[in-house]
Amino acid sequence: RRTQHCLLRPTKIGGMIYLAIIAKGDVVIYEVKLPGPSSAKNPAENQLQFIVHQALDSLDQKTWSGTNMFLREVDRFNNMPVSAFITAGHIKFMLLHQSGIDENSVKQFFYELYQLYIKVSMNPFYLKNTPITSRKFGDRVFQCARSHFLR
């Protein structure tokens with residue numbers, strides 16, 4: 001089942017980063033294409049969900065093998081790594097991006113995204129494991145991506 005895209009902004013940047021937040025039961029509660037550094041070839045838009053869902057198996061194996069929230073690269077598709085972050089509540093942040101992006105930038109982005117997610121989840125009007133449709137959340141995710149990936 002496809003969720004509503006909360007933030008799709010046209011960008012003049014040639015690259016692309018795909019972010020998905022996945023709740024328990026592998027339900028996508030937020031997804032967005034973010035601007036990234038220029039790249040020669042990006043996967044087709046309809047492939048993005050498949051690539052991220054394919055990486056969930058690798059993520060499940062790595063989740064129980066360590067105690068870190070930031071799991072680094074869990075899978076790779078056509079020289080594009082899928083990086084992952086898992087919260088204490090087992091919400092998964094998956095990021096498909098170009099291989100030229102610094103790992104520390106990805107890690108810092110995930111930690112800022114985690115803070116934003118905590119604020120949304122603490123909202124008494126947000127129902128747990130439902131799609132995040134807040135425009136403010138989307139704008140802040142976009143700002144975080146811009147500050148970490150477009151230096």
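The preceding data block contains the structure.
For helix α2 (residues 103-121), which comprises 19 residues, the first-to-last C-alpha distance of 26 Å matches the rise-based estimate of 27 Å (1.5 Å per residue) to within 8%. Of the residues making up α2, those classed as buried are Ser 105, Val 106, Phe 109, Phe 110, Leu 113, Tyr 114, Leu 116, Tyr 117 and Val 120.

Generally, phi is negative for residues other than glycine and the peptide bonds are trans, each holding for most cases. We note that His 90 has phi near 65°; this positive angle belongs to a residue other than glycine. In this structure, His 90 sits in the loop between β4 (80-86) and β5 (92-96). Owing to a relative accessible area of 31%, His 90 belongs among the partly exposed residues under this scheme. Backbone geometry at Asn 129 places phi at a positive 65°, although glycine is not the residue there. Inspection of the secondary structure puts Asn 129 in the loop between α2 and α3 (135-149).

In this fold, Lys 92 is placed in strand β5. Residue classification places Lys 92 among the buried residues on the basis of a relative accessible area of 9%. Among the polar contacts listed, one links the side chain of Lys 92 to the side chain of Asp 26, at a separation of 3.3 Å.

Our focus in this paragraph is the packing of aromatic side chains. A full pass over the atoms with the stated rule returns 10 aromatic pairs. Between the aromatic rings of Phe 85 and Phe 93, the centroid separation amounts to 5.6 Å while the plane-to-plane angle is 10°, which identifies the pairing as stacked. Classification of Phe 93 as buried rests on a relative accessible area of 0%.

This part takes up the pairing of β4. Across the seven residues that make up β4, a large majority, seven, are buried. Where strand β3 (residues 70-77) meets β4, six bridges bridge the pair, whose relative direction is antiparallel. Following the sheet pairing, Glu 73 is matched in β4 by Ser 83. Counting the residues between successive antiparallel strands, the hairpin from β3 to β4 contains two residues, one of them, Asn 78, with a positive phi of roughly 45°. Two successive antiparallel strands, β4 and β5, enclose a turn made up of five residues, where His 90 displays a positive phi of approximately 65°.

With that settled, consider the pattern of salt bridges. Any two side chains of opposite charge can pair if their charged atoms end up close together. Taken as a whole and judged by the stated rule, the model has three salt bridges. With its nearest N and O atoms 3.3 Å apart, the salt bridge here joins Asp 26 to Lys 92. Of this pair, Asp 26 sits in the loop between β1 (15-23) and β2 (27-36) while Lys 92 sits in strand β5, placing them 66 residues apart in sequence. Judged by its relative accessible area of 35%, Asp 26 falls in the partly exposed class. The salt bridge partner of Arg 72 is Glu 103, with a shortest N-O separation of 2.7 Å. Taken together, the residues span a long stretch of sequence, with Arg 72 in strand β3 and Glu 103 in helix α2 at a distance of 31 residues. The exposure class of Arg 72 is partly exposed, given its relative accessible area of 42%.

Rules behind the numbers
- Residues numbered from 1 in each chain as written.
- Predicted model: local features only at pLDDT ≥ 70, side-chain atom pairs only at ≥ 80, totals over all residues.
- Heavy atoms only, no water.
- Helix = DSSP H or I, 4+ residues; strand = E, 2+ residues; numbered from the N terminus.
- Expected span 1.5 Å × (residues − 1).
- Buried < 20%, exposed > 50% of the residue type's maximum accessible area, 1.4 Å probe, protein only.
- Polar contact = N/O pair within 3.5 Å; in protein donor to acceptor, adjacent residues only side chain to side chain.
- Phe/Tyr/Trp six-rings, centres within 6.5 Å; stacked < 30°, edge-to-face > 60°.
- Pairing = 2+ DSSP bridges.
- Salt bridge = Lys/Arg side-chain N within 4 Å of Asp/Glu carboxyl O.

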